[in-house]
Amino acid sequence: QVQLVESGGGLVQAGGSLRLSCAASGRTFSTVLMGWFRQAPGKERAFVATITWSGAATLYANSVKGRFTISRDNTENTVYLQMNSLKPEDTAVYYCMLRDRMDYWGKGTLVTVSS
């Protein structure tokens, strides 16, 4: 199957930046898109951003538009999330997702934004 490994999470002050990476390994038959979701304490997992694998079309949650940028590297099978102007409300566990014949999820990486 597919394994997703996230990296780049950590502690950052409000207004700071952080860059998340997610590398996919294993058998991917036809990657449709990859993306990022997040889950804040006491809340359900929420959509953050996705990028299609063939055309690099992007979609963002309204809460992160203008601050976050998703990108991909097809040769490395990797997706990135550049997070700028971070806010305390961005604090969450961020999960990487890959859509193939089914959806695959990473274990998550914690992003903590201090005020």
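Above this text you will find the structure in question.
Counting restarts for each chain: residues are numbered from 1 in the order of the written sequence. Owing to the predicted nature of the model, reporting of local features is limited to residues with pLDDT of at least 70; listing and counting of side-chain atom pairs is limited to 80 or more, with chain, interface and lining totals taken over all residues. To get the side-chain values, take all heavy atoms of the structure and skip hydrogens and water.

Engineer: Would you explain the overall build of the protein chain in this entry?
Structural biologist: Helix and strand assignments follow DSSP, with helices taken as H or I runs no shorter than four residues and strands as E runs no shorter than two, numbered in order from the N terminus. In terms of regular secondary structure, the protein chain is built from zero helices and 11 strands. Traced from its N-terminal end to its C-terminal end, the protein chain shows the element sequence β-β-β-β-β-β-β-β-β-β-β. For 115 residues, the compact-globule estimate of 2.2 N^0.38 gives 13 Å, and the C-alpha radius of gyration of the protein chain, at 13 Å, lies within 12% of that figure. Buried residues are those whose accessible area, probed at 1.4 Å on protein chains only, stays under 20% of the maximum for their type, while exposed residues exceed 50% and partly exposed ones sit between those limits. With 115 residues in all, the protein chain has 43% of them scored as buried. Two residues form a contact once any of their heavy atoms are found within 4.5 Å. For the protein chain, restricting intrachain contacts to residue pairs at least 6 apart in sequence, the fraction spanning at least 24 positions comes to 51%. When the accessible surface of the protein chain is split by element, carbon and sulfur atoms take 49% of a total near 6,100 Å². In this charge count, Lys and Arg are treated as positive and Asp and Glu as negative; neither His nor the chain ends contribute. Charge placement uses NZ in Lys and CZ in Arg. For Asp and Glu, CG and CD serve respectively. The averaged location of the 8 negative side-chain charges in the protein chain is 3 Å from the averaged location of its 12 positive side-chain charges. The size measure is the radius of gyration over C-alpha atoms, and the globule rule it meets is 2.2 Å times the number of residues to the 0.38 power. Here the open area of atoms and residues is found with the Shrake-Rupley method and a 1.4 Å probe, where only the protein chains shown may cover a residue.

Engineer: So what exactly am I meant to see when it comes to the sheet that holds strand β1 (residues 2–7) here?
Structural biologist: Pairing between the strands of a sheet is mediated by backbone hydrogen bonds and can be parallel or antiparallel. Here the rule is simple: two strands pair whenever DSSP picks up at least two bridges between them. The strand order across the open sheet formed by four strands is β1-β3-β8-β7, and the pairing between neighbours is antiparallel. With partners counted over all chains shown, the strands left at the sheet margins are β1 and β7 (68–73), one partner each. The mean angle between the axes of side-by-side strands here comes to 15 degrees, regardless of whether they run parallel or antiparallel. Under this scheme, a helix contributes an axis fitted over its contacting stretch, all axes are lines through C-alpha atoms, and angles between N-to-C directions fall in the 0 to 180 degree range.

Purely geometric stuff here, so don't read any function into it on its own.
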